[in-house]
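# Breakdown of the fold
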Amino acid sequence: MTELVVLASPDGAPIGTADKAVVHTADTPLHFAFSAWVVRDGNILLSRRALSKKTWPGVWTNSFCGHPGPGEPTAAAVVRRAQFELGLSGCPQLVLPDFAYRAEDSSGVVENEICPVYLFETSDDPQPNPDEVDSLAWAPAREVIAAAEATPFAFSPWMVEELSHAALRAALLG
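The rules we used
- Residues numbered from 1 in each chain as written.
- Predicted model: local features only at pLDDT ≥ 70, side-chain atom pairs only at ≥ 80, totals over all residues.
- Heavy atoms only, no water.
- UniProt positions renumbered as here; feature names shortened; annotations may be inferred.
- Helix = DSSP H or I, 4+ residues; strand = E, 2+ residues; numbered from the N terminus.
- Salt bridge = Lys/Arg side-chain N within 4 Å of Asp/Glu carboxyl O.
- Buried < 20%, exposed > 50% of the residue type's maximum accessible area, 1.4 Å probe, protein only.
- Pairing = 2+ DSSP bridges.
- Phe/Tyr/Trp six-rings, centres within 6.5 Å; stacked < 30°, edge-to-face > 60°.
- Axes fitted to C-alpha atoms, helices over the stretch in contact; angles between N-to-C directions.
- Contact = heavy atoms within 4.5 Å.
- Nonpolar A, V, L, I, M, F, W, Y, C, P; charged D, E, K, R; others polar.
- Core = buried A, V, L, I, M, F, W, Y, C linked by side-chain atoms within 4.5 Å.

Here the focus is the UniProt feature "domain: Nudix hydrolase" (unreviewed entry) in the protein chain. Under the local residue numbering, the UniProt record ascribes the feature "domain: Nudix hydrolase" (unreviewed entry) to residues 29–161. Structurally, residues 29–161 is divided into 21% helix and 38% strand, and its ends, taken at the C-alpha atoms, are 20 Å apart.

So, in structure tokens, the structure goes:
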């Protein structure tokens, strides 16, 4: 089954679709995505991306990410991917509605996304999908923020950039 991403114009309007399997290249077009953070009792769930991932394999990052499908509300995509990647059910809360970024990994693959950021509240215990997640770690929010500032090279570029926003920091620190 082909998973489609929704392409975006520079002003944030949908302009078509592309096959997710081939869209991430050295010339990735701007497209819609999302990023989500699972927080519990002052701790953040970090995930290490599966080694089979096309972009940033094996890199530690926020809890989970994904792409809304054509016509799919982003919050619904967050719920869908939480279940698929981590076996979690819960409720997404939009924190950074206008976040966007462009980053290139060491292989030359580019991420180029309009990527709203969500908190994801759940009482479930994560059950990671090995095709998506290599490993998980719960860490205190303050320590994660400090680590991203001190060693940004150790984390995904979108995670580091998201953590530079005061609204996300405040939400993570509760």
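A word on the pattern of salt bridges. Under the criterion given, the structure shown has eight salt bridges. Here glutamate 3 and lysine 20 are joined by a salt bridge, their closest N and O atoms 3.8 Å apart. On the criterion of sequence distance, the pair formed by glutamate 3 in the segment before β1 (4–8) and lysine 20 in helix α1 (residues 20–23) is long-range, its members being 17 residues apart. Taking the relative accessible area as the measure of exposure, glutamate 3 reaches 28% and is therefore partly exposed. By relative accessible area, which is 21% here, lysine 20 ends up partly exposed. Residue arginine 40 pairs with aspartate 125 through a salt bridge whose shortest N-O separation is 3.5 Å. In this pair, arginine 40 sits in strand β4 (residues 34–40) while aspartate 125 sits in the loop between β11 (117–121) and β12 (133–140), placing the two residues 85 residues apart along the sequence. Bridged by salt links that share partners, the residues Lys53, Arg81, Glu85 and Glu132 form one connected network.

Our next topic: the pairing of β1. Taking burial as the measure, the five residues of β1 include four buried ones, the bulk of the element. Here five bridges tie β1 to strand β2 (residues 14–19), and the two strands are oriented antiparallel to one another. What sits directly across from leucine 7, in β2, is glycine 16. In this structure, the hairpin formed by β1 and β2 is closed by a connection of five residues, where glycine 12 is found at a positive phi of approximately 90 degrees.

Moving on to the packing of aromatic side chains. Following the criterion strictly, the structure yields five aromatic pairs and no others. Measuring from ring centre to ring centre gives 6.2 Å for phenylalanine 34 and phenylalanine 64, while their planes differ by 75 degrees; the resulting arrangement is edge-to-face. With phenylalanine 34 in strand β4 and phenylalanine 64 in strand β7 (residues 64–66), the pair connects residues that are 30 residues apart, well separated along the chain. Each member of the pair, phenylalanine 34 as well as phenylalanine 64, is classed as buried.

On to the packing of helix α3 (residues 141–150) against helix α5 (residues 166–173), then. Contact geometry of α3 with α5 gives a least axis separation of 9 Å together with a crossing angle of 145 degrees. For the pair formed by α3 and α5, the contact residues are Ala141, Arg142, Ile145 and Glu149 on the first element and Arg169, Leu172 and Leu173 on the second. Across the contact of α3 with α5, the residue classes tally to four nonpolar, no polar and three charged.

Let us now look at the nonpolar core. Formed by 26 residues in total, the largest nonpolar core has its most connected members in Trp37, Leu163, Leu168 and Leu172. Mapped onto this core, the elements with two or more residues apiece are β5 (43–49), β8 (91–96), β9 (100–104), β11, α3, α4 (157–163) and α5. If one sorts the elements of this core by residue count, α3 sits on top with four residues. Core analysis: the next-biggest nonpolar cluster, separate from the first, contains 13 residues, Phe34, Ala36, Val78 and Leu88 among them.

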